[in-house]
Amino acid sequence: MIRKLALALPALVLCLALGTGAALAGSSQGQADPGVTANSILLGTTSPLSGSASAYASVARGADAYFKYVNARGGVLGRKITNTIVDDAYNPAQTVQATRKLVEQDKVFAIFNALGTEHNEAIRDYLNANKVPQLFSATGATKFGAEAAKYPYTIGFQPSYQAEGWVLGKYLARTQGAARVAVIFQNDDYGKDLLNGLKKGIQRSKVKVIAAEPYDVTAADVQAQVAKLKSSGANTFAVFATPKFAIQSYVYAKRLNWKPKLTLANAVSSASNIMQIASEGGTNAVVNGSVSIVFLKDPTDPKWRNDAAMKLYRQVMKQHAPSANASDVYHVYGMAAAWTAVEAMKKVGKNLTRAGLVKVVANLNIASNPFLLPGIALKTSGSDHFPIEQMLLQRWQKSSWKSFGGLWGYRGA
Amino acid sequence: MADFMQQVVAGLASGSIYASLALALVLIHRATGVINFAQGEMATLSTYLAWTLTTNHGWSYWPAFAVTLALSFAGGAAVHQGIIRPNEKGSVLRVVIVTIGLLLLINGAVTWIWSGEVRAVQSPFPTRTIEIGGVAISIQDIGTIGVVVGTMVLLWFLFQRTKIGLAMRAASVNPAEARLVGVRVTWMLSLGWGLAAMLGAISGMLAAPSVFLDPNLMAAILIYAFAAAVLGGIDSPVGAIVGGLTLGVGLNLLGTYVDFVGADLRLPGALFVILVVLLVRPSGIFGHRAVKRV
Amino acid sequence: MRLGRSIAPVSAFLALGLVILVVPSFVSAFRAQQLSYVAIYLVALIGLNVLTGYTGQISLGHGAFMAVGGYTTAILMTDYGVKDVWTIPIAALVTGAVGFLFGLPALRLSGLYLALATFAIAVSTPAVIKRFEGFTGGGSGINLFGVPELTASLTPVEILGRELVFNDWLYYLAWTTALIGYVLAWLLLRGRTGLAFRAVRDSETAAQSSGVGLPRYKTLAFGVSAAYAGVAGSLFAIATTFVNPDTFPITLSILLLVGVVVGGLGSLVGLIAGAVFIQFLPEWSQQVSKSPGAPTVVSGIILIALMFVLPMGFAGLVGRVRTLTKR
């Protein structure tokens, strides 16, 4: 017994040593903020590299490619950006641990574009308490720019899901008379925010939501929900879903011989390649005439083929993320965020500090971003931490999107 | 009434997909006594294979289908020979861990090779819908049920009426005695794994045109397939079909008409079925009660 | 008396305790936190070891028990103002009761069927948590950061004259709990109960015919192991300062079983190795590649390889080394 334990103890210590890293914690180099040296900036990102949401890992990849491009041209005022990406498997508990590692062990300058609603929520208090910027959170949950006073270090990026729903609702209210709307929505904050926004947008108009069916992300298919929505007798179909389920919704509607007068879709699931699949070679009438909102330039949209920014996008992807699929619009999202981060850091200047960065991003006023639609500005202020609040409406015509009308802006809680 | 029937039809459509994967689970359990946690992922991999052949290499449907089935068979047998067999002599736990490792390996590989983007898969059946009494029925769904029933009949025939089927059953039930009468047990087990992988491939190729292809194609269906297999009797191919269709229709109707269940408790509903059946009648509707000799 | 035989293991155990006590002085605060999670997984593994190693019942659902413990703690702290430390024994009792209740119907299942049933429970737990939103906070979960009942989360706490920051406090809390848990399990298993448990594992029929009350011991094993998982879940909630349905996914349940097998059923060293494996596997996998999907491939390969190379787990390796050095 003693011998077993005599062997076990060193083994145990070895175990702990394996898990144990650097001995004495390095003394912080005094005055400069962590993550910034004379020629480098260290950023940290948590991203779902594994698990069921790994499709969204493209966001971090697009951003990373852009940072590499910027580094190749001298970096930000002479500092090269290193963006450490850590997998959180879309599990908020992993996000918390990964974020702590980035802040306490890797000593990053800021957390950039962390992906996921509950994931950002789980780390928000910690980051603000430790005065680490939570830059351009990749989530559209409404609560994210809404508590700006309480969380000065947290800045969102995309229009909130509620804003999207609101714009679609307002469009219905202005143009569809007494439409009867049936909604399929994902049963979480994302889907519910969109639905709430829609309801707010149609307030005080003749439009009514007469049926709303949730589905859980663990569902195999949404046939039952679409069948139920068809039987409600609605003439407008709103699809607030993630790509796979959005495609299913369109296809099942067609299979059930449902012919709604108008179909609405939200931004995440209306990328051109998704719509192409849903249109089943043009035979799906439900897809034709669909209306959606958009704020990013879609790489599969022919109208941007000769656009300078999208040419740059393709070039950057080819050089710095050659194995990635460049027609995936999530890369553009990441790149748009990375572009904004670079602009913000340039604006802070040579003396790059966390406080300085937060000041800049909380008072952002950038007129345009090459990866966003023309005219969309990035603005934040004291109580409003959503940089992007404008979007365009677009209509699916035959095999591509065509935007119409002017920019819509959302100003609301 | 038409709405009710429409839900029943939708339930039959979903249920036939659950049944198709359940057949693979039943086969593997019957032939090898193992519950393969990686069955779904293997089916997903096969489906991606078929997709690559038709989309990236421009093959037409049936040749791609045939090659995918052949490769799946080979893959399943190889997995058994290379990975499962060395661990069979250990405890049940080792096999469970190994199939879980396989699940992770294949799931990750699919994402790594093909990315998480959603893709469309060709269907062997026309996607037209016919309407009967206000209820829309898709020809593809009818075709799926047909293929699943046909496969079940073939399986039944294999097990009950062929020598190889007999050998497979013997190898699974009593390997020691089977060896004594000249059955090459290990080959029979590998054959079982190969066939199950083929069934999984068929299941994936039936499901993907309806549900659309992404790395999680089978992950969601797997649980429902387990529930269907358990409900019908984990050793019975007929049970897998009946279980799948019953489950599909039952969950749909529950989800539509019982507010408490709603849309979000359908998965727990399926799991509840697994639990209740395992507790009340572990052999399922059509299964046989195993009697343990002491 | 039996005391003579106990001196060696007890002194080795105390030496271990000493090592654990001094480690934080040598590592960064962040490493201390990572090691706290090792202790948390260790608690769950000790419990799972009682169930699987001793009575041979396979559970792929212990993540669900951790969820029960975690949510008990979170709800007690935010809705009822209970201090975090006091929620731990309550979580143990609640989860133990749930485990015991599950153990009753589980009596009719064995081997793979039990694995399947527990797998089913683990997969459905997130959906059930979301359903009872009013109680559990639904998909948004419960945030514990800065809650006054959470010790040391904003300001250091003073224990025995020393000031501890959150990471160090967590370390001591987790390891103290783990070591107490180990001692309790050891006491339980060395006695008649342990004997009965092993009899159940080795041959249920033989055990029954020898008069071992099968139902009683099997359900007891479930209750005990669930209680441990509940404590682990409680500590997990405290450490992560956040719970939501996705923080207890099916992968957690799978990893716990993997940890027990990889560590090797039975020995403390093995269980610690298993806990280290669970905590650091994602990190090691990511060091190989960060392409989407690649970490999962690496994890799968490591798992399969381990079953080939170390079929008896890490504890088996120690055993083999011991046999080799005996000559």
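Residues numbered from 1 in each chain as written. Chains lettered and ligands numbered in written order. Predicted model: local features only at pLDDT ≥ 70, side-chain atom pairs only at ≥ 80, totals over all residues. Heavy atoms only, no water.

Asks: Describe in detail the overall build of chain A, supporting the description with residues and values.
Replies: Looking only at helices and strands, one finds 13 helices and 14 strands in chain A. Each of the three principal axes of chain A carries a C-alpha extent, and together these read 75 × 60 × 40 Å. Within chain A, counting contacts between residues at least 6 apart in sequence, those at least 24 apart form 71% of the total. For chain A, the accessible surface area stands at approximately 14,700 Å², while carbon and sulfur atoms represent 55% of it. The averaged location of the 25 negative side-chain charges in chain A is 6 Å from the averaged location of its 46 positive side-chain charges. (Helix = DSSP H or I, 4+ residues; strand = E, 2+ residues; numbered from the N terminus. Contact = heavy atoms within 4.5 Å. Areas by Shrake-Rupley, 256 points an atom, 1.4 Å probe, with all protein chains shown as cover. Lys, Arg positive; Asp, Glu negative; His and termini not counted. Charge placed at Lys NZ, Arg CZ, Asp CG, Glu CD.)

Asks: Just give me the short version of the pairing of strand β2 (residues 40-47) of chain A, but keep the residues and values in it.
Replies: Residue and element names in this part refer to chain A. Burial analysis of β2 places 7 of its 8 residues in the buried class, the great majority of the element. Bridge count for strand β1 (residues 36-37) against β2 is 2 bridges, and the pairing is antiparallel. Its bridge partner being in β2, Thr-37 is matched across the sheet by Ser-40. Connecting β1 to the next strand, β2, in antiparallel fashion are 2 residues. Looking at chain direction, β2 and strand β3 (residues 80-87) are connected through 8 bridges and run parallel. (Buried < 20%, exposed > 50% of the residue type's maximum accessible area, 1.4 Å probe, protein only. Pairing = 2+ DSSP bridges.)

Asks: How would you summarise the packing of aromatic side chains if you had to cite specific residues and measurements?
Replies: Both the distance between ring centres and the angle between the ring planes are used here to describe each pair of aromatic rings. Inspection of every chain in the model, using the stated rule, returns 30 aromatic pairs over all chains. Judged by centre distance (5.4 Å) and plane angle (75°), the ring pair of B:Trp62 and B:Phe65 falls under edge-to-face. With B:Trp62 and B:Phe65 both in helix α3 (residues 61-88) and 3 residues apart, this pair spans about one turn of that helix. A network of ring pairs unites the aromatic residues C:Tyr37, C:Tyr71, C:Phe236 and C:Phe248 as a single cluster. (Phe/Tyr/Trp six-rings, centres within 6.5 Å; stacked < 30°, edge-to-face > 60°.)

Asks: Can you lay out the interface of chain B and chain A for me, pointing to particular residues and giving the numbers?
Replies: Taken together, the contacts link 36 residues of chain B with 31 residues of chain A. The junction of chain B with chain A conceals about 2,800 Å² of combined surface from both sides, 50% of it contributed by carbon and sulfur atoms. The tally of links between chain B and chain A comes to 1 salt bridge. We note a salt bridge from A:Lys244 to B:Asp214, for which the minimum N-O separation is 3.5 Å. Where chain B touches chain A, the interface holds 11 residue pairs in polar contact (both at pLDDT 80 or more). (Buried area = accessible area lost by both parts, 1.4 Å probe. Salt bridge = Lys/Arg side-chain N within 4 Å of Asp/Glu carboxyl O. Polar contact = N/O pair within 3.5 Å; in protein donor to acceptor, adjacent residues only side chain to side chain.)

Asks: Got a sec to walk through the side chain of C:Thr193? Specific residues and values, please.
Replies: Residues and elements named next belong to chain C. Inspection of the secondary structure puts Thr-193 in helix α8 (residues 192-202). Using a relative accessible area of 19% as the deciding quantity, one classes Thr-193 as buried. In contact with Thr-193, not counting residues within four places along its chain, are Leu-188, Tyr-217 and Leu-220.

Asks: Go over the pairing of strand β10 (residues 291-294) of chain A, please, and point to the residues and values.
Replies: Residue and element names in this part refer to chain A. Side chains Val-291 and Ile-293 project from β10 onto one buried face, and the interleaved Ser-292 and Val-294 project onto a second face that is buried too. Looking at chain direction, strand β9 (residues 262-265) and β10 are connected through 2 bridges and run parallel. Pairing of Leu-264 across the sheet is with Val-291, part of β10. Each parallel crossover has a hand, and for β9 linked through helix α10 (residues 272-278) to β10 it is right-handed. By the bridge criterion, 4 bridges tie β10 to strand β13 (residues 390-397) in an arrangement that is antiparallel. Looking at the pairing, Val-294 lines up with Leu-392 of β13. (Right-handed = clockwise from strand over helix to strand, strands pointing away.)

Asks: Explain helix α2 (residues 39-56) of chain B to me, using residue names and the numbers behind them.
Replies: All names here are of chain B. Helix length check: α2 (18 residues) gives 25 Å between terminal C-alpha atoms against 26 Å at 1.5 Å per residue, within 8%. Buried residues dominate α2, accounting for 14 of its 18 residues. Directly beyond the C-terminal end of α2, a positive phi value near 70° is found at Gly-58. (Expected span 1.5 Å × (residues − 1).)

Asks: Outline the packing of helix α12 (residues 268-288) of chain C against helix α13 (residues 294-309) of chain C, supporting the account with residue identities and numerical values.
Replies: Helix-helix packing is characterised by the crossing angle of the two axes and by the distance between the axes. Residue and element names in this part refer to chain C. Between α12 and α13, the shortest axis-to-axis distance is 8 Å and the interhelical angle comes to 125°. When the interaxial angle is binned, α12 and α13 end up oblique. Handedness of the crossing formed by α12 with α13: right-handed. Residue-level inspection shows Phe-277, Leu-281, Ser-285, Gln-286 and Val-288 of α12 in contact with α13, the latter providing Pro-295, Val-298, Ser-299, Ile-302, Leu-303 and Leu-306. Of the residues in the contact of α12 with α13, the class split is 8 nonpolar, 3 polar and no charged. (Axes fitted to C-alpha atoms, helices over the stretch in contact; angles between N-to-C directions. Parallel < 35°, antiparallel > 145°, perpendicular 65-115°, else oblique. Left-handed = near helix turned anticlockwise from the far one by under 90°. Nonpolar A, V, L, I, M, F, W, Y, C, P; charged D, E, K, R; others polar.)

Asks: Mind laying out the pattern of salt bridges, listing which residues take part and the relevant values?
Replies: If charged atoms from side chains of opposite charge come close, those side chains can pair. In total, this model carries 10 salt bridges over all chains according to the counting rule given. Notably, a salt bridge pairs A:Asp106 with A:Lys101, separated by 3.7 Å at the nearest N-O pair.

Asks: Outline the sheet that holds strand β14 (residues 400-409) of chain A, listing residues and values.
Replies: Residue and element names in this part refer to chain A. Pairing is mixed across the open sheet formed by 7 strands, whose spatial order is β7-β6-β8-β9-β10-β13-β14. Either end of the sheet is taken by a strand with one partner, and the two such strands are β7 (208-215) and β14. Pairwise comparison of adjacent strand axes, ignoring direction, gives a mean angle of 25° for this sheet. Its contacts with the sheet place helix α6 (residues 161-175) against β6 (180-186), β8 (236-240), β9, β10, β13 and β14, and it is angled at close to 60° to β13. Contacts between helix α8 (residues 223-230) and the sheet are confined to β6, β7 and β8, with β7 contributing the most and set at about 170° to the helix.

Asks: Hey, could you go over the environment of B:Met205 for me, with residue numbers and the actual values?
Replies: Residues and elements named next belong to chain B. Here Met-205 is to be found in helix α8 (residues 185-211). In this structure Met-205 comes out as buried when scored by relative accessible area, which is 3%. Sequence separation of Met-205 and Thr-68 is 137 residues, and the distance between their C-alpha atoms is 9.8 Å.

Asks: Give me the packing of helix α5 (residues 139-161) of chain B against helix α6 (residues 163-173) of chain B: which residues, what numbers.
Replies: All names here are of chain B. Where α5 contacts α6, the two axes come as close as 5 Å, and the packing angle between them is 75°. With respect to α6, the element α5 is oriented roughly perpendicular. Across the interface between the two elements, Leu-158, Phe-159, Gln-160 and Arg-161 of α5 pack against Lys-163, Ile-164, Gly-165, Leu-166, Met-168 and Arg-169 of α6.

Asks: Before we move on, could you go through unusual backbone geometry and cite the residues and values that matter?
Replies: Residue and element names in this part refer to chain A. Of note, the phi angle at Leu-77 is positive, near 50°, even though the residue is not glycine. Mapped onto the fold, Leu-77 is located in the loop between α2 (57-72) and β3. Given a relative accessible area of 39%, Leu-77 falls into the partly exposed group. Unusually for a residue other than glycine, Glu-280 sits at a positive phi of about 45°. In this structure, Glu-280 sits in the loop between α10 and β10.

Asks: Give me the lowdown on the confidence of the model for chain C, citing residues and values where you can.
Replies: Residue and element names in this part refer to chain C. On average, chain C scores 86 in pLDDT, and the residues at 70 or more come to 95%. Mean pLDDT per element in chain C: helix α9 (residues 204-209) is the minimum at 70, and helix α3 (residues 62-80) is the maximum at 95. Overall fold confidence (pTM) sits at 0.89, and the ipTM for the predicted complex is 0.89. (pLDDT = per-residue confidence, 0-100.)

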